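Notes for the structure review
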Amino acid sequence: MLKGNTAIVTGGSRGIGAAIAKKLASLGANVALLDIGNEDQAKLVCEYCTEEFGVKAAYYSCNVADFEQTKQVVTQVSKDFENVTILINNAGITRDGLVMMMNEKQFDDVISVNLKGAFNMIKHCSRQFMKNKCGRIVNISSVSGLSGNAGQANYSASKAGLVGLTKTVAREFASKNITCNAIAPGFIATDMTADISAENNPLAAQIPLGRPGTPEDIAGAAAFLVTSPYVTGVVLRVDGGLGM
Ligand code: NAP
């Protein structure tokens, strides 16, 4: 279905990013994984994609918050791979704390990675998408960005910012066959949430579907958005009904 296309997945070494990379590879896409430092893990994901699905896969070390670095890496990916048409802005961090306790660095770091990182990637990839006459951008937001979450002013602001970025990019590039959508995951079992068990997290106990999500739940939604040319500007909640 995606044969002949190349997907760039940020934060692709583990968790949701790794699941999305594998899902897109299973549909035939070549994958370029961008990650800040988890080289061994990222290479394992690449090997899996190549061995299981016969696609080309490579890892690039990149801090998405760094404008120049993202520019260089996107240029390199475009030389190494053909037909870059898919961008998954998945890399994200948390630096939680109540506003009264949160320092400037905690706020700036989260905005830089989660929001500016997505802008950097979209800006640099858009040239390739225009050249290839096709683009499918998926930004991984969060239900925290839609409803707010005490202790996550920085994270919620970054994820709400992604919603505005998504809709603006969707409008700016619609005439160029470039779509831009967001996914708002709820409580997904990954390293990011490893210290929050269903027992001590009141939100987890409120999930109507009765379980935390899996990275594969998010990967399925990403595949849907990437393969849906008439869907743009959407924020798709994938949260077991949590945000209803
Ligand atoms: P995770 O397991 O902590 O993985 C985060 C990934 O992002 C890692 O691969 C990490 O690289 C990478 N990363 C972090 N900072 C980076 C940077 N500056 N440049 C490049 N890569 C960077 O997180 P996850 O749970 O899979 O979350 C993935 C996305 O979903 C995030 O945007 C997160 O906010 C969002 N989300 C998650 C949940 C949830 O419940 N898990 C809910 C809503 C939204 P390293 O491996 O090198 O550290």
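Residues numbered from 1 in each chain as written. Predicted model: local features only at pLDDT ≥ 70, side-chain atom pairs only at ≥ 80, totals over all residues. Heavy atoms only, no water.

**So, the overall build of the chain**
When helices and strands are counted, the chain shows eight helices and seven strands. Scaling as 2.2 N^0.38, a compact globule of 244 residues should have a C-alpha radius of gyration of about 18 Å, and the chain matches this with 17 Å. Projecting the C-alpha coordinates of the chain onto the three principal axes gives extents of approximately 45 × 35 × 35 Å. Taken over 244 residues, the chain has a buried fraction of 51%. Of the contacts formed within the chain by residues at least 6 apart in sequence, a portion of 75% connects residues at least 24 apart. (Helix = DSSP H or I, 4+ residues; strand = E, 2+ residues; numbered from the N terminus. Rg over C-alpha atoms; globule rule 2.2 N^0.38 Å. Buried < 20%, exposed > 50% of the residue type's maximum accessible area, 1.4 Å probe, protein only. Contact = heavy atoms within 4.5 Å.)

**Here's the deal with the site of the ligand**
Neighbouring the ligand are 30 residues; R14, D35, N90, Y155 and T190 lie closest to it. With respect to the ligand, the side chain of S13 contributes an N or O atom lying 3.1 Å from an oxygen atom. Separating a nitrogen atom of the ligand from a backbone N or O atom of V64 is a distance of 3.0 Å. Its residues assigned to classes, the shell around the ligand shows 13 nonpolar, 13 polar and four charged. (Near = heavy atom within 4 Å. Polar contact = N/O pair within 3.5 Å; in protein donor to acceptor, adjacent residues only side chain to side chain. Nonpolar A, V, L, I, M, F, W, Y, C, P; charged D, E, K, R; others polar.)

**As for the environment of D108**
Along the chain, D108 falls in helix α4 (residues 104-132). Put simply, D108 and K23 are 85 residues apart on the chain and 32 Å apart in space, counted from C-alpha to C-alpha.

**Focus on the nonpolar core**
With 33 residues, the main nonpolar core has I20, L24, I88, I183 and I218 as its most contacted residues. Elements with a contribution of two residues or more to this core: β1 (6-10), α1 (15-26), β2 (30-35), α2 (39-53), β3 (57-61), β4 (84-89), β5 (135-140) and α8 (215-226). Among the elements that make up this core, the one with the highest residue count is α1 (seven residues). Ignoring sequence-local partners within four residues, the contact set of I183 consists of V138, N139, I140, S141, S142, I218, A221, A222, L225, L236 and V238. Of all hydrophobic cores here, the second largest spans 31 residues; its members include V64, A91, I93 and Y155. (Core = buried A, V, L, I, M, F, W, Y, C linked by side-chain atoms within 4.5 Å.)

**Notes on α2**
When the terminal C-alpha atoms of α2 are compared, their 21 Å separation across 15 residues agrees well with the 21 Å that a helix rising 1.5 Å per residue should span. Buried residues belonging to α2 abut α1, β2 and β3. G54 lies just past α2 and shows a positive phi near 70°. (Expected span 1.5 Å × (residues − 1).)

**As for the environment of I188**
Turning to its location among the elements, I188 is positioned in the loop between β6 (178-185) and α7 (202-205). Using a relative accessible area of 5% as the deciding quantity, one classes I188 as buried. For the pair formed by I188 and G15, sequence separation is 173 residues and the distance between their alpha carbons is 9.0 Å. Ignoring any residue separated from it by four or fewer positions in sequence, one finds I188 in contact with I16, T193, G213, T214, P215, I218 and V238.

**Some points on the pattern of salt bridges**
Applying the stated criterion across every chain, the model contains five salt bridges. The partner of E39 in a salt bridge is K43, and the shortest N-O contact between them spans 2.6 Å. Pair noted here: E39 and K43 are both in helix α2, with a separation of four residues, about one helical turn. A salt bridge links D109 to K105, with the nearest nitrogen and oxygen atoms 2.7 Å apart. Of this pair, D109 and K105 both sit in helix α4, four residues apart, roughly one helical turn. (Salt bridge = Lys/Arg side-chain N within 4 Å of Asp/Glu carboxyl O.)

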